[in-house]
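Here is how the chains run, residue by residue.
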Amino acid sequence: MKGIQKILKKNKYIKVKLKKTSTNHLELKAKINGVKGSFILDTGASNSCVGLDLIDFFKLDAQESDTKAAGAGATDMETQQSENNSLKIDAWKTNKCHLVLFDLSHVNTALTQHNAKKVQGIIGADILQQGKAFIDYNKKVLYLKRVKK
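For every chain, the first residue of the written sequence is number 1, and numbering continues from 1 onward in sequence order. At least 70 in pLDDT is required for a residue's local features to be given in this predicted model, at least 80 for side-chain atom pairs to be given and counted, and no such filter applies to totals for whole chains, interfaces and linings, which use all residues. The basis for the side-chain values is all heavy atoms of the structure; hydrogens and waters are excluded.

A.B. asks: Before we move on, can you summarise the packing of aromatic side chains with the specific residues and values?
C.D. replies: Note on aromatic contacts: the rings of Phe and Tyr and the six-membered ring of Trp form a pair at centre separations within 6.5 Å, being stacked when their planes are under 30 degrees apart, edge-to-face when over 60 apart, and tilted otherwise. Counted by the stated rule, this structure contains three aromatic pairs. When the centroid spacing of 5.6 Å and the interplanar angle of 70° are considered together, the rings of Tyr-13 and Phe-134 count as edge-to-face. Of the two residues, Tyr-13 is situated in strand S1 (residues 13-17) and Phe-134 in strand S10 (residues 134-136); the sequence distance between them amounts to 121 residues. Between Phe-57 and Phe-58, the ring centres sit 4.9 Å apart and the planes meet at 80°, which makes this aromatic pair edge-to-face. In this structure an aromatic cluster arises from ring pairing among Phe-39, Phe-57 and Phe-58. Working definition: helices are DSSP H or I runs of at least four residues, strands are E runs of at least two. Numbering for both runs from the N terminus.

Here it is as structure tokens:
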């Protein structure tokens with residue numbers, strides 16, 4: 001595994017520590033528009049998401065959306081969207097973060113029922129793709145490719 005770490009570092013990947021929750025989710029800290037939050041890393045989520053109740057908290061410009069959200073046992077949920085947000089995960093940053101906004105209460109209810117802390121959102125496959133991500137589940141580390149300036 002040391003060889004992979006060296007290769008990723010040489011290729012300008014940033015190492016982000018993840019925390020395993022009591023629900024077996026991987027959690028990370030990130031900043032949206034300069035505001036720190038706690039997020040679940042979810043490779044199965046097509047889009048990164050934030051709770052509808054946090055629009056002002058994360059300084060989001062929310063727009064109506066015709067898209068319905070589904071996941072984690074809930075379906076047909078009303079959504080809004082917010083485009084071109086800044087997202088910073090450790091030293092990795094993008095100013096082209098598109099977020100889906102929906103009611104995350106069912107997610108947080110499930111987490112707290114299993115003695116895990118609530119989260120403000122989900123980092124999904126869109127950001128993982130943009131960051132050309134590698135996840136080391138054993139070491140609980142996410143690698144994201146540094147964006148050229």
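A.B. asks: Give me the lowdown on the sheet that holds strand S11 (residues 141-145), citing residues and values where you can.
C.D. replies: Pairing between two strands requires that DSSP report at least two bridges joining them. Taken in spatial order, the three strands of this open sheet run S1-S11-S10, and their pairing is antiparallel. If you trace the sheet from one side to the other, it starts and ends with S1 and S10, each paired once. Ignoring which end each strand starts from, the neighbouring axes of this sheet average 20° apart. The pairing of S1 with S11 spans five bridges and is classified as antiparallel. Across the sheet, Lys-15 pairs through a bridge with Tyr-143, a residue of S11. An axis is simply a line fitted to the C-alpha atoms; with a helix, the fit covers only the stretch in contact. Between two such axes, the angle follows the N-to-C directions and lies from 0 to 180 degrees.

A.B. asks: Before we move on, could you go through the nonpolar core and cite the residues and values that matter?
C.D. replies: Formed by 26 residues in total, the largest nonpolar core has its most connected members in Leu-28, Val-50, Leu-87 and Ile-89. Those elements that provide at least two residues to this core are S1, strand S3 (26-32), strand S4 (35-41), strand S7 (74-89), strand S8 (92-102), helix H3 (125-130) and S11. The term nonpolar core refers to a set of buried residues drawn from Ala, Val, Leu, Ile, Met, Phe, Trp, Tyr and Cys, joined through side-chain atoms within 4.5 Å. Think of it in three bands: with a 1.4 Å probe and only protein chains considered, a residue is buried below 20% of the maximum accessible area for its type, exposed above 50%, and partly exposed in between. With twelve residues, the next largest nonpolar core counts Cys-49, Met-77, Val-107 and Leu-111 among its residues.

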